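Take a look at the letters that make up each chain.
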Amino acid sequence: MSTRTAVVTGASSGIGAATARRLAAAGYRVVLTARREERIRSLAAELTAAGHSALAYPLDVTDRAAVDAFAASLDRCDVLVNNAGGAIGTEPVASADPQDWRTMFEVNVLGVLNVTQALLPALTASGDGTVVVLSSTAGLATYEGGGGYVAAKHGAHVIAETLRLELNGQPVRIIEVAPGMVKTDEFALTRFRGDEERAEAVYAGVAEPLTADDVADTIEWAVTRPPHVNIDLLVVRPRAQASNYKVHRER
């Protein structure tokens, strides 16, 4: 396992950072990618100090030339965790800013496409490759005010479904993990454009929303199943959340 390499995109915080920690502890050499160089270098140093193998590589997944250069720099790739993504805004379709939608589509859909295409030859050559697409319950059901993010995550969901069909018979698994309500330091804050009060209200009264490590634990479990076992789609929500609409909030 010590020579097996796992690439994690969006590894500078939240689910990406937690996943990198989990896979490093499981024995993978982890390659951390994100735009924020200082954060991934700090995480790589943390993992190395703990006796794990980690490398930081600053990367914008929407920059195809940079992604191709990154792929060419790797000697191998056994696991790819497409985690980079995010939401911007809660405006209805009638008044949403097309630039916000474009930004979400580029990172959540084209980012997944760019990195997966660039690393697929190495994943296939490994003889036992795994592609993880971190989508969302937003990719499975719609809700008002979420049109742009929902559309983008539906796109990520379709990439996973299509790729699984197209690679049938090849030594590559396609795993989709779709989290529901996850409380991280940045997701809701970014969505509400830095409004801390609105971001915190998302989780108000919810005793135990998922944590980044809860989702990372799920990803690690799916990735470390025997090679013949594929977790096609795993939806993970906190117990308090029955759907995108129905959430139990304690008073």
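Look above for the structure.
The following paragraphs examine the structure supplied in this document. (Residues numbered from 1 in each chain as written. Predicted model: local features only at pLDDT ≥ 70, side-chain atom pairs only at ≥ 80, totals over all residues. Heavy atoms only, no water.)

1. Comments concerning the overall build of the chain
For step 1, the next point in the chain: Counting its secondary structure elements, the chain contains eight helices and seven strands.
For step 2, the next point in the chain: Over its C-alpha atoms the chain spans a radius of gyration of 17 Å, differing by no more than 12% from the 18 Å that the globule rule assigns to 251 residues.
For step 3, the next point in the chain: The dimensions of the chain, computed from C-alpha atoms along their principal axes, are 50 × 40 × 35 Å.
For step 4, the next point in the chain: In the chain, the share of contacts with a sequence separation of at least 24, taken over all contacts with a separation of at least 6, comes to 72%. (Helix = DSSP H or I, 4+ residues; strand = E, 2+ residues; numbered from the N terminus. Rg over C-alpha atoms; globule rule 2.2 N^0.38 Å. Contact = heavy atoms within 4.5 Å.)

2. Overview of the side chain of E220
For step 1, the next point in the chain: Position of E220 relative to the elements: it lies in helix α8 (residues 212–223).
For step 2, the next point in the chain: You can call E220 buried: its relative accessible area is 19%.
For step 3, the next point in the chain: When residues no more than four places from it in sequence are discounted, the contact partners of E220 are R22, L23 and A26. (Buried < 20%, exposed > 50% of the residue type's maximum accessible area, 1.4 Å probe, protein only.)

3. Observations regarding the nonpolar core
Within soluble globular proteins, side chains that are nonpolar tend to cluster in buried spots.
For step 1, the next point in the chain: One finds L23, V30, L32, V177, V215 and I219 to be the most contacted residues of the largest nonpolar core, which totals 35 residues.
For step 2, the next point in the chain: Those residues in contact with V215 that sit more than four places away from it in its chain are I15, L134, V177, P179, V182 and L210.
For step 3, the next point in the chain: Of all hydrophobic cores here, the second largest spans 33 residues; its members include L123, V150, A156 and V172. (Core = buried A, V, L, I, M, F, W, Y, C linked by side-chain atoms within 4.5 Å.)

4. A closer look at the pairing of strand β2 (residues 29–34)
Every regular strand shows the same layout, with side chains that alternate between the two sheet faces.
For step 1, the next point in the chain: With respect to burial, β2 is a largely interior element, five of its six residues being buried.
For step 2, the next point in the chain: Bridging between strand β1 (residues 5–8) and β2 involves four bridges; their strand directions are parallel. Its bridge partner being in β2, T5 is matched across the sheet by R29.
For step 3, the next point in the chain: In this view, the connection linking β1 to its parallel neighbour β2 by way of helix α1 (residues 14–25) has right-handed handedness.
For step 4, the next point in the chain: Pairing geometry for β2 and strand β3 (residues 54–58), over five bridges, is parallel. Looking across to β3, one finds that A34 is bridged to P58.
For step 5, the next point in the chain: Tracing the backbone out of β2, into helix α2 (residues 37–49) and back to the parallel element β3 gives a crossover that is right-handed. (Pairing = 2+ DSSP bridges. Right-handed = clockwise from strand over helix to strand, strands pointing away.)

5. Some thoughts on the environment of G85
For step 1, the next point in the chain: Tracing the backbone through its elements, the reader meets G85 in the loop between β4 (79–82) and α4 (98–125).
For step 2, the next point in the chain: Between the C-alpha atoms of G85 and G16, which are 69 residues apart in sequence, the distance is 10 Å.
For step 3, the next point in the chain: Ignoring sequence-local partners within four residues, the contact set of G85 consists of V107 and N108.

6. So, the side chain of S13
For step 1, the next point in the chain: Tracing the backbone shows S13 in the loop between β1 and α1.
For step 2, the next point in the chain: In terms of polar contacts, S13 uses its side chain to reach the side chain of R36, at 3.2 Å.
For step 3, the next point in the chain: Within polar-contact distance, the side chain of S13 engages the side chain of E186 at 2.9 Å.
For step 4, the next point in the chain: In this structure, S13 is in contact with R36, R39 and E186, ignoring residues within four places of it in sequence. (Polar contact = N/O pair within 3.5 Å; in protein donor to acceptor, adjacent residues only side chain to side chain.)

7. Section: the packing of α1 against α2
For step 1, the next point in the chain: Contact geometry of α1 with α2 gives a least axis separation of 11 Å together with a crossing angle of 25 degrees. Here α1 is positioned roughly parallel relative to α2, judged by the angle of their axes. In the crossing of α1 with α2, the sense of the turn from one axis to the other is right-handed. Between α1 and α2, the residues in contact are A17, A20, R21 and A24 and L43, E46 and L47, respectively.
For step 2, the next point in the chain: In the contact of α1 with α2, the residues fall into five nonpolar, no polar and two charged. (Axes fitted to C-alpha atoms, helices over the stretch in contact; angles between N-to-C directions. Parallel < 35°, antiparallel > 145°, perpendicular 65-115°, else oblique. Left-handed = near helix turned anticlockwise from the far one by under 90°. Nonpolar A, V, L, I, M, F, W, Y, C, P; charged D, E, K, R; others polar.)

No statement about biological role is implied by the geometric values presented.
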